[in-house]
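# A closer look at the structure
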Amino acid sequence: QNPKTSATVKQLIADGNARELQKYFGSRMEFGTAGLRAAMGAGISHMNDLTIIQTTQGFCRYLEKNFSDLKKRGVVIGFDARAHLSSGGSSKRFARLAANTFISQGVPVYLFSDITPTPFVPYTVTHLKLCAGIMITASHNPKQDNGYKVYWENGAQIISPHDKGISQAIEENQEPWPQAWDDKLIDSSLLLHDPYATVNKEYFKDIQKQCFHRNINKETNLKFVHTSVHGVGHKFVQLAFKAFDLSPPFAVPEQKDPDPEFPTVKYPNPEEGKGVLTLSFALAEKDGAKIILANDPDADRLAVAEKQESGEWKVFSGNELGALLGWWIFTCWKNNNRGTCAIKDVYMLSSTVSSKILRAIALKEGFHFEETLTGFKWMGNRAKQLMDQGKAVLFAFEEAIGYMCCPAVLDKDGVSAAVITAEMASFLATRNLSLSQQLKAVYDEYGFHITKASYFICHDPKVIQQLFDNLRNFDGKNTYPKSCGRFKVSGIRDLTTGYDSSQPDQKAILPTSKSSQMITFTFANGGVATMRTSGTEPKIKYYSELCAPPGNSDVEQLKKELDELVNALEKHFFQPEKNNLQRKTE
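Computed from a prediction, not measured in an experiment: that's the story for all the values here.

So, on to empty space enclosed by the protein. Counted according to the given criterion, the structure contains two cavities of 30 Å³ or more. Volume-wise, the largest cavity comes out at about 60 Å³. Taken together, Asp 80, Ala 81, Arg 82, His 230, Gly 231, Val 232, Asp 259, Pro 260, Phe 262 and Pro 297 make up the lining of the largest cavity. Its residues assigned to classes, the lining of the largest cavity shows five nonpolar, two polar and three charged. A domain-level breakdown of the lining of the largest cavity finds at least three residues from each of domain 1 (3–193) and domain 2 (214–314). The computed volume of the second largest cavity comes to approximately 30 Å³. If you go around the second largest cavity, the residues you meet are Gln 57, Asn 100, Thr 101, Ser 104, Trp 177, Pro 178, Gln 179 and Ala 180. In terms of residues, the lining of the second largest cavity owes the most to one element, helix α5 (residues 91–104), which gives three residues. When grouped by side-chain class, the residues that make up the lining of the second largest cavity number three nonpolar, five polar and no charged.

Structural data, given as structure tokens:
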């Protein structure tokens, strides 16, 4: 019933454009553990009013089956600032349609009245003890995309088998229910609640439990620049700084207000490097700020850059910031929790493609480190399991600039990560140390961990499948590569097939998934490299790391060795020319 998408389809029919119609209606968007992520537009392969209604009807029926008290507890729905003029789709519109679906079935809905960071949804699920949460966002994807992200009652993103159950329920509930389109009905409903004011107050109260140096924060002369990259983060990072008694950061004026066109950046993704931070560097130079904090558009990720003595800017990788925050959060815990919680009950987590620096810190300091599969859905669920057993999960991170610094949110949170980074930098400044110097100190103490990650773009699933099949049948059927150029392979773990050469029974310990590709190679020189497909983008990603024991400080030699390993990986395993792969460009 959306006049814009309807007109698009009618025009294609009039033009006899079967090819475009096939694109729109050939296959339904797949609902996975990350929910939905696709371009806004007409047809069942896109995000639009109809597919949102169908998805929510399925999700509602699935929740009814799983929770007898759904009509008492309800769900929370949040949204970012995305909008797509040509199809009439927007995050706010989709959120209202989703709310209408639940309310029509007598389910209470806590619908935020304004844009919020993604972490506010899992926070609200936990805080108000709700059955589930939905966030309408496509995070840092291109501007035409949108997404539908789902949280379970434990406050973590859903994992299998919920995705399959929801997917099946969507298939069974495709015809819109009566009044499905009339979202105005919710405005007069007693089942509609607005959690905005409560959550804004309670969230900032909760993150203050991670504030340990209020006096330093009040006095610091360190200046910060913050950019929300045309997303939702501005107001919330300002409030977080206030909660920690820090002076507000300078906001990049051209990027502080939400704008679904993302006019100043090619990709609204601070992970893509310096290009996204051009305006931030300029403002920092003008105002004399040493540190830049950049959120992605839904404020669940954080990138950090620091001005070096040479005048150059260093953008920290996700692994480097993970090392700093892990060191900082453990140090704060150690200095403030003597006797209240045994170190044997302390945990930190990171994903299997992230740096193993936390493992090195844990070994030396005596706490526990665990690795999970890629993605915060795994870390969030594992953290909740551990917390339910009375353990303290201090920190979790993934190399894709995602950090969980506060147990009140069981997902990555760029707002709390920004303010905790600012407090860490302010504390270090009182010791005349920069973030870069402290990072070196962490590596000196726990061993250098040099990482390098990138990706190739490939729009053809057949090519991707062929590439991974070749690796599994490298020297004849069912044989993996024994070397990669001059680098000898000493171990292989394939989480698509469940094979792990290092286990006595050759079966992988981490859960496996046939629907996604992921192979990790361990090399005789101590290097590790993982190749995997992305769940949300047409990319084949790789992650590599060289770990040295404490005392080996020849960083340049380690970097050179890792560069050579990566070059060999690209040449022999990716074969970009043969497979017509497109390299990452700045």
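After presenting the structure, the write-up continues.
A word on the domain arrangement of the chain. Domain boundaries in the chain define domain 1 (3–193), domain 2 (214–314), domain 3 (319–446) and domain 4 (448–583). Averaged C-alpha coordinates put domain 1 and domain 3 at centres separated by 33 Å. Listed as interface residues are 13 residues of domain 1 and, on the opposing side, 13 residues of domain 3. A combined buried area of about 1,100 Å² lies between domain 1 and domain 3, and 59% of that area is made up of carbon and sulfur atoms. There are one salt bridge connecting domain 1 and domain 3. Here Lys 149 and Asp 411 are joined by a salt bridge, their closest N and O atoms 4.0 Å apart. On the surface where domain 1 and domain 3 come into contact, there are five residue pairs in polar contact (both at pLDDT 80 or more). Secondary-structure elements contributing two or more residues to the side of domain 1 that touches domain 3 are α6 (120–127) and β7 (145–151). Split by residue class, the side of domain 1 that touches domain 3 holds eight nonpolar, four polar and one charged.

Once that is clear, we can look at helix α1 (residues 3–14). Compared with the 16 Å implied by 1.5 Å per residue over 12 residues, the 16 Å span of α1 between its first and last C-alpha is a close match. Of all the positions in α1, only Thr 5, Val 9 and Leu 12 are classed as buried. In an axial view of α1, the angular spread of the buried residues amounts to 60°, which keeps them on one side of the axis. Away from the buried face of α1 by more than 90 degrees, exposed residues Pro 3, Lys 10 and Ala 14 are located. In this structure, the buried side of α1 is in contact with α2 (18–25). Of the residues flanking the start of α1, the one acting as N-cap is Asn 2, its side-chain oxygen 2.8 Å from the backbone nitrogen of Lys 4.

Moving on to the pairing of strand β15 (residues 368–372). With five bridges joining them, strand β14 (residues 346–351) and β15 adopt parallel strand pairing. The residue bridging Leu 349 from the neighbouring strand is Glu 370, located in β15. Between the parallel pair β14 and β15, the chain is carried across by helix α13 (residues 357–365), and the sense of this crossover is right-handed.

Let us now look at the sheet that holds strand β1 (residues 36–39). Within the open sheet, the six strands sit side by side as β1-β7-β6-β2-β5-β8. Their pairing is mixed. Across the chains shown, the open sheet's two edge strands, defined by having one partner strand only, are β1 and β8 (192–193). Where strand β2 (residues 75–79) lies against strand β6 (residues 132–136), five bridges are found, and the strand directions are parallel. Directly across from Phe 79, in β6, lies its bridge partner Ile 136. Running over the sheet, helix α3 (residues 49–66) touches β1, β2, β6 and β7 and is turned about 5° from β7.

Side chains three or four residues apart in an α-helix point the same way, a direct result of the helix having 3.6 residues per turn. Within helix α11 (residues 278–287) the residues assigned to the buried category are Ser 280, Phe 281, Leu 283 and Ala 284. For α11, the arc enclosing every buried residue in end-on projection is 165°, short of the 170-degree limit, so these residues lie on one face. The secondary structure elements touched by the buried residues of α11 are β9 (224–227), β10 (250–251), β11 (291–295), β12 (302–307) and β13 (313–315). Taken from the residues just after α11, Gly 288 is the one with a positive phi, measuring 70°.

With that settled, consider the sheet that holds β13. Backbone hydrogen bonds hold the strands of a sheet together, and the pairing may be parallel or antiparallel. Spatially, five strands are ordered β10-β9-β11-β12-β13 in an open sheet, and the strand pairing comes out mixed. At either margin of the open sheet sits one strand with a lone partner, and together these are β10 and β13. Of the strand pairs in this sheet, β9 and β11 are connected by four bridges, and their pairing is parallel. Along β11, the bridge assignment pairs Thr 227 with Ala 294.

As annotated by UniProt and renumbered to match this structure, "domain: Alpha-D-phosphohexomutase alpha/beta/alpha" (unreviewed entry) occupies residues 29–175, 201–307 and 318–446. For residues 29–175, the end-to-end C-alpha separation is 16 Å, with 37% helix and 19% strand making up the annotated structure. Within the segment residues 201–307, helix and strand shares are 32% and 16% respectively, and the terminal C-alpha atoms sit 34 Å apart.

With an omega of 10°, the peptide bond between Ser 160 and Pro 161 qualifies as cis. Assignment of secondary structure puts Pro 161 in the loop between β7 and α7 (162–172). Positive phi outside glycine occurs at Ser 139, with the angle close to 50°. Summarising the element assignment, Ser 139 is placed in the loop between β6 and β7. One non-glycine residue, Asp 245, lies in positive phi territory at about 60°. Structurally, Asp 245 can be placed in the loop between α10 (233–243) and β10.

Moving on: the packing of aromatic side chains. For the structure shown, the criterion picks out 25 aromatic pairs. Three or more aromatic residues link up through ring pairs in this structure, and these residues are Phe 120, Tyr 123, Tyr 203, Phe 204 and Phe 236. Its guanidinium or amino end placed over the ring of Tyr 446, Lys 364 lies 5.7 Å from that ring's centre, counting from NZ or CZ. Positioned over the ring face of Tyr 455 is Lys 539, at 3.9 Å from the centre of the ring.

Parameters and conventions
- Residues numbered from 1 in each chain as written.
- Predicted model: local features only at pLDDT ≥ 70, side-chain atom pairs only at ≥ 80, totals over all residues.
- Heavy atoms only, no water.
- 1 Å grid on protein atoms, 1.4 Å probe; cavity = no way out; pocket = protein on both sides within 12 Å on 5 of 7 lines; lining within 4 Å.
- Points joined across faces, edges and corners; volume = space filled by probe spheres on them.
- Nonpolar A, V, L, I, M, F, W, Y, C, P; charged D, E, K, R; others polar.
- Domains from an automatic or database assignment.
- Helix = DSSP H or I, 4+ residues; strand = E, 2+ residues; numbered from the N terminus.
- Contact = heavy atoms within 4.5 Å.
- Buried area = accessible area lost by both parts, 1.4 Å probe.
- Salt bridge = Lys/Arg side-chain N within 4 Å of Asp/Glu carboxyl O.
- Polar contact = N/O pair within 3.5 Å; in protein donor to acceptor, adjacent residues only side chain to side chain.
- Expected span 1.5 Å × (residues − 1).
- Buried < 20%, exposed > 50% of the residue type's maximum accessible area, 1.4 Å probe, protein only.
- Arc of directions from axis to C-beta.
- Pairing = 2+ DSSP bridges.
- Right-handed = clockwise from strand over helix to strand, strands pointing away.
- Axes fitted to C-alpha atoms, helices over the stretch in contact; angles between N-to-C directions.
- UniProt positions renumbered as here; feature names shortened; annotations may be inferred.
- Phe/Tyr/Trp six-rings, centres within 6.5 Å; stacked < 30°, edge-to-face > 60°.
- Lys NZ or Arg CZ within 6 Å of the ring centre and 35° of its normal.

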